[in-house]
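In case you want the letters, here they are:
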Amino acid sequence: MKLLYCLSGHPTLPCNVLKFKSTTIMLDCGLDTTSVLNFLPLPLVHSPRLSKLPSWVSKDGSLNLEKELKECAGRVFVDSQPEFCLPERELLDLSTVDVILVSNYHCMMALPYITEHTGFTGTVYATEPTLTIGRLLMEELVNFMERVPKAQSATCWKNKEIQRMLPGPLKDAVDVWAWKRSYSMPEVNSALSKVQLVGYSQKVELFGAVQVSPLSSGYSLGSSNWIIQSHHEKVSYVSGSSLLTTHPQPMDQSSLKNSDVLILTGLTQMPTANPDGMLGEFCSNLAMTIRAGGNVLVPCYPSGVIYDLLECLYQFIESANLGTTPFYFISPVANSSLEFSQIFAEWLCHNKQSKVYLPEPPFPHAELIQTNKLKHYSSIHGDFSIEFRQPCVVFTGHPSLRFGDVVHFMELWGKSSLNTIIFTEPDFSYLDALAPYQPLAMKCVYCPIDTRLNFHQVSKLLKEVQPVHVVCPEQYTQPPLTQSHRSDLMLELQPPPMPYRRCSVLSLPFRRRYERVYILPELANSLVPSEIKPGVSLATVSAVLHSKDNKHTLQSVPKPPPAPLSKKRKRVLEEPPVLLAPKPLLSGAVPLEAFLATLQKHGITEVKVEETADGHILHLQAEDTLIQLEEDGTHIVCDNNEPLRTTLRDLGEQRESSS
């Protein structure tokens, strides 16, 4: 049985478990961080505004959680350390997972929760850039949380009876009791110690049952799709892929062909937004704000889209007369991220690879740093507070606006309409992200840049690779709720895709039911094939089936050890052995007409023939016997008449062998 357990409801942060050929494989372990939008921001310095927010009280006054819930501009927020929505952990025993395959660094953020708290003892496979940048993202997250600790932990609001009385979106939040605070750095280090590095197209054998192999997905540095195959079955896992020409290696499409099942996830979250158009809007809004004397805040992750933004600005700065404007990149891992992006040459597209041999840095942000146009800092404290000057452009995290240095700049710049915040990361609703800062004077520009496959691109890809079956999140099988008329924003395939949602279990359809069995040379030499029809020969074999590590081998039957010889035994051995005639080889179905003629020849004349879906039933009326003739078997049913049954069996075998 091939089963797929779906542990995440977020289509771009997947976590699925595949049971395939006696192995249990987890496909990604994405962490749904949208849950943090329900919490108040964590300011780096004391915020009088946030501290004075009123506690939320229900309209009838019956519910008062003044220590847990605060109200801001008509929205209610939890006043506690932000918590994350983990993959489902009750659907199956995660200690049985053998391996975890990671497709990109955004889809591994739940790894410490899985490897450190479920009894997991397996291996994690990922490419080197995925591991390195994934570590940076985890390190940044832990740093953001630990430098602004909150003593209180809000739990009363999670009570089902209380949650039902809260206003939305808290009222509609799912699995709130499963939400968890951030992991620690020791947990991160322990989790990542279980990662084994792999390269593109490298084949890794799992317990002799299946082979897994990563392919370039074209989305980010080191991002992968995965092929999981046995000798006769093939599953492709396509997650977070891109056909656009950006900095990573291009997507490997041809290796996805001839898949029995293709599991598709991680499509663009912004199917109507063109990435090139968004980059143009980003640059023009940035220039407009700087010329007016304002500052620009860009909430971002420390890796990924920021490389493309900096490259775009490198080409734009001089033409827009922004040469004197300082650009700041603030993150606990800013320095590491900028350095690592320059050394992973073999994971880059051809144009950037060729620069390495000139030698030139593949990314232009190296030149921006050398000319002091781009400066990077670990936080707003220390050197930054001394060198900071305005107007400027600041890239910093976290894109949710709930923690990190971005919270300080929102409090600092939010009251002035000269300043602009530009959202480029597509993971969060910008209206929800801004909610705890309202009323807000600063301008807001939404330029989501998501280079992952859109529905038109993925439909074209599926026509080319032609999988037998497609499995995808149910969100992809219907138009968005806000655009129900847009049938082009969904997957329309024949046969229709198999949809899944959080906590669902799918039985995957496979047509092939074969297993590869090896035969030892000495046993093969002993076989005597008989031709049963032109080009097809058959041989009987008596052998021992030896199975180990999911490899099956036919071996010769061991000869029993010779018994000690007595005088009587010696005399018997001296006599020549009696050779029995070999039984005829049987194959195919018993031919009806010839069999009826044979029965008549042997005196069985009263035969009534009935046709069935699987063959024929012969009623031998005088003998009170039934004979079922089917394509893959013959059954004789008679009551306490063994001689008759044996005779009929022999007649059937004569007909079968002669046919």
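We now turn to the structure provided with this report. Note that the structure is predicted; figures quoted are calculated from it, not measured.

This part covers unusual backbone geometry. The omega angle of the peptide bond from Gly 168 to Pro 169 is 0 degrees, so this bond is cis rather than trans. Counting through the fold element by element, Pro 169 comes out in the loop between helix H4 (160-163) and helix H5 (185-192). Note that the residue after Gln 390, namely Pro 391, is joined by a cis bond; omega there is 0 degrees. By the element assignment, Pro 391 lies in the loop between helix H11 (383-387) and strand S17 (393-396).

Across the interface, helix H3 (residues 128-146) lies against H5 with an axial gap of 10 Å and an inter-helix angle of 165 degrees. For the element pair H3 / H5, the angle class is roughly antiparallel. Considering how the two elements wind past one another, H3 and H5 form a crossing that is right-handed. Facing Leu 131, Arg 135, Met 138, Glu 139, Val 142 and Glu 146 of H3, the residues of H5 in contact are Met 185, Val 188, Asn 189 and Leu 192. Partitioning the contact of H3 with H5 into residue classes produces six nonpolar, one polar and three charged.

Time to look at the packing of helix H6 (residues 275-291) against helix H7 (residues 305-316). Between H6 and H7, whose axes approach to 11 Å, the crossing angle comes to 60 degrees. The orientation of H6 relative to H7 falls into the category oblique. In the packing of H6 onto H7, the handedness of the crossing is right-handed. Contact with H6, carried on its side by Leu 279, Phe 282, Cys 283, Ser 284, Leu 286 and Ala 287, involves Asp 308, Leu 309, Cys 312, Leu 313 and Phe 316 of H7 and no other residues of that element. Its residues assigned to classes, the contact of H6 with H7 comprises nine nonpolar, one polar and one charged.

Looking now at the pattern of salt bridges. Going through the model one piece at a time under the given rule, you end up with 18 salt bridges. In this structure, the salt-bridge partner of Arg 164 is Glu 161, at a minimum N-O distance of 3.1 Å. A residue is classified by how much of its surface remains accessible, and Arg 164, at 53% relative accessible area, is exposed. When salt bridges that share partners are traced, they join Lys 2, Lys 21, Glu 233 and Glu 515 into one network.

Cut-off values and rules
Residues numbered from 1 in each chain as written. Predicted model: local features only at pLDDT ≥ 70, side-chain atom pairs only at ≥ 80, totals over all residues. Heavy atoms only, no water. Helix = DSSP H or I, 4+ residues; strand = E, 2+ residues; numbered from the N terminus. Axes fitted to C-alpha atoms, helices over the stretch in contact; angles between N-to-C directions. Parallel < 35°, antiparallel > 145°, perpendicular 65-115°, else oblique. Left-handed = near helix turned anticlockwise from the far one by under 90°. Contact = heavy atoms within 4.5 Å. Nonpolar A, V, L, I, M, F, W, Y, C, P; charged D, E, K, R; others polar. Salt bridge = Lys/Arg side-chain N within 4 Å of Asp/Glu carboxyl O. Buried < 20%, exposed > 50% of the residue type's maximum accessible area, 1.4 Å probe, protein only.

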